[in-house]
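Letter by letter, the chains look like this.
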Amino acid sequence: DWSGVKEIVDRLHQRGVKDLRRYLIRREDVLRDAFDRIEVLRVNQATVDIYGYASEAEVIAMVTADQSSPTELNTFLDQVVAWSEGETAWVGEGEEETADGRKIVTRLRAVMPPDHRSQRSRVVTLVEDVTERIRAEEALREHQLLVDHAVKVAGLSHWIWSIEEQRFIYTDDHEAYL
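Below, the structure is looked at part by part. (Residues numbered from 1 in each chain as written. Predicted model: local features only at pLDDT ≥ 70, side-chain atom pairs only at ≥ 80, totals over all residues. Heavy atoms only, no water.)

1. Brief notes about the pairing of strand S1 (residues 89-97)
- The side-chain alternation of S1 yields one buried face, formed by Trp90, Gly92, Gly94 and Glu96, and one unburied face, formed by Ala89, Val91, Glu93, Glu95 and Glu97.
- Both S1 and strand S2 (residues 103-111) contribute to a ladder of nine bridges, which runs antiparallel. Following the sheet pairing, Trp90 is matched in S2 by Ala110.
- Taken together, S1 and the strand that follows it, S2, pair antiparallel across an intervening segment of five residues, in which Gly101 is found at a positive phi of about 90 degrees. (Buried < 20%, exposed > 50% of the residue type's maximum accessible area, 1.4 Å probe, protein only. Helix = DSSP H or I, 4+ residues; strand = E, 2+ residues; numbered from the N terminus. Pairing = 2+ DSSP bridges.)

Right, here's the structure in full:
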């Protein structure tokens, strides 16, 4: 339930705040107050499993007791600004901590159902643990750099098929090789 957040944002707009992002960056106390007003109503078992807690109640207690890290506040700020600009869906990634203290990267997909948009009384948030995907992408980038370096150092050349010319062309352009 984001209705408490909406109250703060509406009040700021009434007071003449035009650039909400800039204002909330400068006034972290207001941003934290808004963050504290989110009310988590339900959590599914998949989310309980992602965070490594024993129950839905433990996850809700963790969220409501959370002191919000700078990363979480930035993610929250992005959502607040998106909602205030009329967006009804939002996607972002952030680093979080599990019950046992492990750092994970989560992809959050938040959607505001049509019947709840005026008051922002409901936001459905899907949480996906993308930690392994991020690690795999980093490993792939590292390997691509190694291959690129090996091709440059080895001075590799090769034949490639030119579709435009309809013939093989000899090249030592290592980027064409990759």
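2. Details of the pattern of salt bridges
- Applying the stated criterion across every chain, the model contains 15 salt bridges.
- The partner of Glu97 in a salt bridge is Lys103, and the shortest N-O contact between them spans 3.1 Å.
- Accessibility expressed as a relative area gives 42% for Glu97, which makes it partly exposed. (Salt bridge = Lys/Arg side-chain N within 4 Å of Asp/Glu carboxyl O.)

3. Concerning the packing of helix H3 (residues 28-36) against helix H6 (residues 70-84)
- The geometry of H3 relative to H6 is characterised by a closest axis approach of 10 Å and an angle of 80 degrees between their N-to-C directions. When the axis of H3 is compared with that of H6, the two are roughly perpendicular. Between H3 and H6, the residues in contact are Glu28, Leu31, Arg32, Ala34 and Phe35 and Leu73, Phe76 and Leu77, respectively.
- Class assignment of the residues belonging to the contact of H3 with H6 gives a composition of six nonpolar, no polar and two charged. (Axes fitted to C-alpha atoms, helices over the stretch in contact; angles between N-to-C directions. Parallel < 35°, antiparallel > 145°, perpendicular 65-115°, else oblique. Contact = heavy atoms within 4.5 Å. Nonpolar A, V, L, I, M, F, W, Y, C, P; charged D, E, K, R; others polar.)

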